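Each chain is listed here by its residues.
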Amino acid sequence: MTAQPHLVRRGSGTPVLFVHGNGLDHRLLLDLDDVFAADGAWERFYPDLPGFGGTPPLEGRGGLPDLADRVDEIVGELLGTRRFAVVANSLGGLLARDLVARRSGQCLGMALLAPVVDPVREHRTLPARTVLAEEPGLLASLDPADAETYAEMAVVLSRENWERFRETALPGIRGADVEAMHRLGDLYELDSLPDAALAADPSTRDLPVLVVAGRQDDVVGFEDQDALARRFPRATFAALDGAGHNVHLDQPDAVRALLRAWLTAVRRGAEKRSAATECSAAEERSGAETRSTPAPGRVELRGSLVCADDREADLVRRHLAQHVELTRAEPGCLAFHVEPTEDPLVWTVAETFVDRESFAAHQARVAASAWGRATERIRRDFRVSGASEDPPLSPAGGPTSP
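Conventions and cut-offs
- Residues numbered from 1 in each chain as written.
- Predicted model: local features only at pLDDT ≥ 70, side-chain atom pairs only at ≥ 80, totals over all residues.
- Heavy atoms only, no water.
- Pairing = 2+ DSSP bridges.
- Helix = DSSP H or I, 4+ residues; strand = E, 2+ residues; numbered from the N terminus.
- Axes fitted to C-alpha atoms, helices over the stretch in contact; angles between N-to-C directions.
- Expected span 1.5 Å × (residues − 1).
- Buried < 20%, exposed > 50% of the residue type's maximum accessible area, 1.4 Å probe, protein only.
- Parallel < 35°, antiparallel > 145°, perpendicular 65-115°, else oblique.
- Left-handed = near helix turned anticlockwise from the far one by under 90°.
- Contact = heavy atoms within 4.5 Å.
- Nonpolar A, V, L, I, M, F, W, Y, C, P; charged D, E, K, R; others polar.
- Polar contact = N/O pair within 3.5 Å; in protein donor to acceptor, adjacent residues only side chain to side chain.
- Core = buried A, V, L, I, M, F, W, Y, C linked by side-chain atoms within 4.5 Å.
- Salt bridge = Lys/Arg side-chain N within 4 Å of Asp/Glu carboxyl O.

Caption draft 1: View of the sheet that holds strand β12 (residues 346-353). With antiparallel pairing, four strands are arranged side by side in an open sheet as β11-β12-β10-β13. Two strands in the sheet have a free side with no partner beyond their single neighbour: β11 (333-340) and β13 (379-386). Averaged over all pairs of adjacent strands, the angle between their axes in this sheet comes to 10 degrees, without regard to strand direction. One ladder, built from eight bridges, connects strand β10 (residues 299-306) with β12; its direction is antiparallel. The residue of β12 that forms the bridge with L301 is E351.

Caption draft 2: Structural detail: helix α4 (residues 91-102). The first and last C-alpha atoms of α4 sit 17 Å apart over twelve residues, in line with the 16 Å expected at 1.5 Å per residue. Of all twelve residues making up α4, ten are buried, and the element is well covered by its neighbours. Of the positions making up α4, those classed as buried are L91, G92, G93, L94, L95, A96, R97, D98, L99 and V100.

Caption draft 3: Region of the structure containing the packing of helix α13 (residues 310-328) against helix α14 (residues 356-367). Packing of α13 against α14 leaves a shortest axis separation of 11 Å and a crossing angle of 150 degrees. Comparing the axis directions of α13 and α14 gives the class roughly antiparallel. By crossing handedness, the relation of α13 to α14 is classed as right-handed. Facing α13, whose interface residues are H323, L326 and T327, α14 presents H362, R365 and V366. Residue composition of the contact of α13 with α14, grouped by class: two nonpolar, three polar and one charged.

Caption draft 4: Summary view of the side chain of E330. Of note, E330 is situated in the loop between α13 and β11. Look at E330 and you get buried, because its relative accessible area is 11%. Polar contacts involving the side chain of E330 include one to the side chain of H362, which spans 3.2 Å. Sequence-distant contacts of E330, that is, excluding residues within four places in its chain, are made with K272, F353, H362 and R365.

Caption draft 5: Representation of the nonpolar core within the structure. Among the nonpolar cores identified, the biggest contains 65 residues, and F36, V86, L91, L95, M110, L259 and W262 are the most heavily contacted of them. When residues no more than four places from it in sequence are discounted, the contact partners of V86 are L17, V19, A96, V100, C107, G109, M110, A111 and W262. Membership of the second largest hydrophobic core comes to 21 residues, among which are C307, A313, F353 and I378.

Caption draft 6: How the structure looks around the sheet that holds strand β2 (residues 14-19). Spatially, β1-β3-β2-β4-β5-β8-β9 is the arrangement adopted by the seven strands of the open sheet, whose pairing is mixed. Both outer strands of the open sheet, β1 (7-10) and β9 (235-240), are each paired with one neighbouring strand and no more. Between one strand axis and the next, the sheet turns by 15 degrees as a mean value, whatever way the strands run. Where β2 and strand β4 (residues 84-89) come together, four bridges link them in parallel fashion.

Caption draft 7: Region of the structure containing unusual backbone geometry. Even without glycine at this site, S90 takes up a positive phi of about 55 degrees. Within the secondary structure layout, S90 lies in the loop between β4 and α4. Residue class for S90 comes out buried when judged on its relative accessible area of 10%. For A114, which is not a glycine, the phi torsion comes out positive at approximately 45 degrees. Among the structural elements, A114 can be located in the loop between β5 (107-113) and β6 (133-134).

Caption draft 8: Structural context of the pattern of salt bridges. For the structure shown, the criterion picks out 26 salt bridges. Two residues, R70 and E73, come together in a salt bridge whose shortest N-O distance is 3.1 Å. In this pair, R70 and E73 both sit in helix α3 (residues 64-79), three residues apart, roughly one turn of the helix. Relative accessible area serves as the criterion here: at 3%, R70 is assigned to the buried category. Salt bridges sharing common partners tie together R9, E43 and R82.

Rendered as structure tokens:
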């Protein structure tokens, strides 16, 4: 029987799973708990991965694919089908992406701190080892073994930074199961990286993603992390100067500020999903067999964007990504999709807004936007419905056919 993980569980509300990296335990990320505890809206789960902290190692070969399987099992045991957000660092960043790829549509957002992009070190783009500053006499004042462990990755060696490392990282390093780490190192590759599958998954289009890297991180680097963030339409990327692999210990204030902004995006996304789910449930209860009539109060737009020639199609392709990103970020937007068809001059369009006012605000923003100006002459074949008794709404941004 598989041993249950050692787990620290705090708070109540929307679940957030924390996945630590190789050779550490949950305490490294528990350091960030104040960010999530501040508004009382998050239930936090801090498990120790097998072979680390208080969790026994895996039986059998104990390689990276086995660890990934066990992380998925742990989430199933803890959360079932509940929607959750995930915060992860280092190897945990790879495990988190693999988890989200397996559980399509269940994740509300990912925050990845110095994540492993590729477990094969030779595949990484790494900066040279750099120490920016060292407090005189600090290393000499420490236990030699502790000093060696600390100096291995520290970029700014100071008493304050050492104390954060001592409290959050050192206990996990000391307590790791050496044999389990050897077995993990012997099979330190996944059958396939999850990122292509994530990029192709429609459920990740609106996923708030935060990727934070250390500019002086010589363990996983920062350039591969930048490329990773570009795969996600709603990603924020930051490479923090004065930070190595333990980026949230080296730049605690900056990382906390980024996490707070990410949490705001996760909350908004969760509220949109909840509103959409409630509307769908109401439609099902009413026995609606089609969505030809939107739920009360909602406004829906359906139709096509039809270009006259390649020049107009190029304008669409050039401006579309930003247009989609900005629209999905609007507080009243429940859904927004502009998809290419087999005809290279035609895109299908589907929009849903919570009410007439939100749709009108969207139309006003679009009319004045770069997208609106660039595509104002492109033909729209749109039908707008909703707001029950109100007269029809006219979509802005270009001519429409009857």
